[in-house]
Amino acid sequence: MTSKIKATPLTIVIKLGTSSIVSPEYPFLPHLELLSSIVETVVHLRSLGHRVVLCSSGAIGVGLRRMNLRGRGKALSQKQALAAIGQGRLIALWDNLFSQLDQPIAQILLTRMDISDRTRYLNAQNTFSELLQMGVVPIVNENDTVSVTEIKFGDNDTLSAISSAIVHADYLFLLTDVECLYTDNPRNNPDAKPVRVVRDIEKVKQQVSTATLGTSLGTGGMSTKLIAAELATAAGTTTVIMHSANVKDIFRVIEKGAGPSRDISETPYLEEGPLCTRFLRRETALKDRKWWIAHGLHSAGTIVIDEGAYRAIQRKESGGRLLPAGVVRVEGPFASHQAVRLIVRRRRRDHHHHHHRLENERNENTDGGVSRNSIDVDESVPPSPTRGSTSTSRFSIDDTSNKPSTLISPALKHLAGAGVGGEPSTPQLQPILSLSSSIASLDPLSKSIPSSPSPATILSMSNSSINERLDKISLNDTEQRDKKREEEEGQGWEEVEIGKGLAQYNSVEIDRIKGLKSAHIETVLGYSESEHVVDSITFL
Ligand SMILES: N[C@@H](CCC(=O)OP(=O)(O)O)C(=O)O
């Protein structure tokens with residue numbers, strides 16, 4: 001299989017979807033042969049000195065089998081109950097298989113809330129690190145029992161990417177029931193070609209439609225895999241989509257390595273070897289804290305800045321901090337020290353010509369809907385729609401490549417949810433309501449945002465009325481912002497999301513001092529905590 005010589009130790013995350021763990025139809029039998037081969041691979045990787053984390057879905061599927069049910073029902077509570085039934089048995093199954101080869105495992109159940117809170121994030125990181133040092137294989141799943149919409153990752157592809165960032169993984173393997181990303185749906189289009197290497201996920205997302213619902217049990221699909229790849233590569237993790245039946249190819253992939261190079265001439269070997277799609281990690285990975293701000297932390301509001309401010313905050317001397325003078329608009333409510341999205345408002349750059357140029361480029365470079373600039377298409381391999389699997393996965397690729405490209409990072413769109421749209425099949429993260437971290441720390445909100453309840457009002461409301469109220473606020477905000485944006489776009493302006501940062505004042509305060517020099521902060525607010533309104537800025 002591979003040499004016995006110890007390799008440079010790598011940290012490897014392997015994600016297995018529900019379809020790889022149980023059969024998608026009643027009676028949801030576990031794929032024991034496949035699971036055993038995963039276990040052998042992981043133990044072999046460990047014997048070569050690598051650290052391995054497994055991200056395992058399947059709790060609901062195993063729960064269904066235990067209860068002898070035919071379907072999981074629609075209610076969230078039903079899914080949660082089934083996950084609670086199945087998770088124990090799922091981990092017992094893994095423990096059983098791993099213990100045959102004397103490999104200890106650990107169970108890690110996470111929710112998005114654990115990632116949004118810096119202390120909990122660091123605690124999770126410490127636990128992972130300790131386990132890996134002890135030679136244990138952590139097995140991660142979403143903590144479905146407590147994971148309601150507001151705090152859900154939604155799919156384990158995203159969870160595995162976040163786990164990869166937490167452990168600073170070198171590789172993330174997304175094992176699924178197709179071999180790789182294709183230029184089109186190989187089931188419907190015999191000319192569909194495998195995509196071997198992806199250097200620019202953003203381009204691929206614009207050019208390949210990946211609207212897939214995943215299997216009947218899983219929630220992921222090709223689109224969530226691209227989002228996961230975007231998150232993981234930003235954290236410095238090379239991400240690989242591979243058929244779970246080909247799990248032993250992992251050795252060949254890591255033997256070849258996959259540097260961050262964007263230049264195909266530097267990595268020609270990547271186009272050969274096992275059939276899979278490799279997303280090359282970003283040349284400059286975001287540092288842990290910056291990645292966490294950009295992707296782990298939920299943003300509570302938005303600050304729109306002008307182009308001058310955008311130029312200023314890009315300079316090193318700014319220290320990644322924003323002065324109030326450059327603020328054009330504030331969308332809240334948010335408290336000081338909460339994360340905010342940063343958007344630059346700028347004149348449209350010859351939009352018409354730009355659009356046409358993009359169209360032309362797309363037509364010139366496209367074969368089966370995918371540009372050759374951003375990906376490498378394998379002409380030699382015939383399309384082979386899934387093998388060895390009874391899965392109902394719809395690998396997709398209905399063509400939506402002509403849709404206008406979004407100005408907002410799809411990864412953030414997926415994670416931030418409210419107010420920035422999202423793919424219909426992807427669960428959205430709603431505004432997180434943590435009474436301890438968000439509401440209790442809200443500074444008094446002035447009457448200048450009439451729709452915003454005061455903290456006292458919020459605290460006296462029931463949880464459901466708080467949620468309703470916040471939903472309304474964010475809906476109003478979203479509607480207003482969309483309307484304003486439409487008006488402005490018509491007048492030759494556009495707004496582009498550029499990053500995130502930590503607010504130094506609350507939304508009402510920043511609204512009052514926007515456009516002013518820092519020296520005036522004290523005069524207007526009666527005090528001045530900082531001359532900056534946003535700190536720790538992280539660009540997308
Ligand atoms: N956490 C849930 C499944 C989440 C999910 O569906 O993930 P996936 O099968 O990877 O799309 C479970 O263990 O059943």
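These numbers come from a predicted model, not from an experiment.

Draft legend 1. Focus on helix α3 (residues 59–67). Every buried residue belonging to α3 is among Ala59, Ile60, Gly61, Val62, Gly63 and Leu64, and all of these are buried. Of the surrounding elements, those touching the buried residues of α3 are α4 (76–100) and β4 (137–142). Positive phi appears at Asn68, one or two residues downstream of α3, with a value of about 55°.

Draft legend 2. Just the pairing of β4, in detail. Of all the six residues making up β4, six are buried; the element is thus mostly covered by neighbouring parts of the structure. Going residue by residue along β4, you find Val137, Ile139 and Asn141 tucked away on one face and Pro138, Val140 and Glu142 tucked away on the opposite face as well. In the sheet, strand β2 (residues 51–56) pairs with β4 via two bridges, with the strands oriented parallel. Bridging across to β4, Cys55 finds its partner in Val140. Two strands pair when backbone bridges link them, and strand β3 (residues 105–110) and β4 are joined in this way by six bridges, in the parallel orientation. Looking across to β4, one finds that Ile105 is bridged to Val137.

Draft legend 3. Inspection of the packing of aromatic side chains at higher detail. A complete count under the given rule lists six aromatic pairs for this structure. Where Tyr505 meets Tyr527, the ring centres are 6.3 Å apart and the plane angle is 45°; that geometry is what we call tilted. Separated by 22 residues along the polypeptide, Tyr505 in the loop between β16 (493–503) and α18 (507–513) and Tyr527 in the loop between α19 (521–525) and β17 (534–539) bring together distant segments of the chain. For Tyr505, a relative accessible area of 0% gives the class buried. Over the aromatic face of Tyr26 sits the side chain of Arg70, whose NZ or CZ is 3.9 Å from the ring centroid. Lying across the ring of Trp493, Arg345 places its NZ or CZ 4.0 Å from the centre.

Draft legend 4. Inspection of the nonpolar core at higher detail. In terms of nonpolar packing, the biggest core is built from 49 residues, with Leu110, Val140, Phe279 and Trp291 touching the most fellow members. No other element matches the eight residues that helix α9 (residues 222–234) contributes to this core.

Draft legend 5. Local environment of the pattern of salt bridges. Enumeration according to the criterion identifies nine salt bridges in this entry. Between Glu331 and Arg329 there is a salt bridge whose closest N-O contact spans 2.8 Å. This pair shows no difference in class: Glu331 is buried, exactly as Arg329 is. Through salt bridges that share partners, Lys15, Asp157 and Lys225 make up one connected network.

Draft legend 6. Examining the sheet that holds strand β10 (residues 299–305) more closely. Strand order in the open sheet formed by five strands is β11-β10-β12-β16-β17, with mixed pairing between adjacent strands. A strand with exactly one partner marks an edge of an open sheet, and here the two such strands are β11 (327–331) and β17. Here the strands of the sheet are splayed against their neighbours by 35° on average, with no regard to which way each runs. Of the strand pairs in this sheet, β10 and β11 are connected by four bridges, and their pairing is antiparallel. Looking at β11, one finds that Ile305 is bridged to Val327. Against the sheet, helix α11 (residues 288–296) touches β16 and β17, its axis set at about 90° to β17.

Definitions and limits used
Residues numbered from 1 in each chain as written. Predicted model: local features only at pLDDT ≥ 70, side-chain atom pairs only at ≥ 80, totals over all residues. Heavy atoms only, no water. Buried < 20%, exposed > 50% of the residue type's maximum accessible area, 1.4 Å probe, protein only. Helix = DSSP H or I, 4+ residues; strand = E, 2+ residues; numbered from the N terminus. Contact = heavy atoms within 4.5 Å. Pairing = 2+ DSSP bridges. Phe/Tyr/Trp six-rings, centres within 6.5 Å; stacked < 30°, edge-to-face > 60°. Lys NZ or Arg CZ within 6 Å of the ring centre and 35° of its normal. Core = buried A, V, L, I, M, F, W, Y, C linked by side-chain atoms within 4.5 Å. Salt bridge = Lys/Arg side-chain N within 4 Å of Asp/Glu carboxyl O. Axes fitted to C-alpha atoms, helices over the stretch in contact; angles between N-to-C directions.

This is a description of form; function is not addressed.
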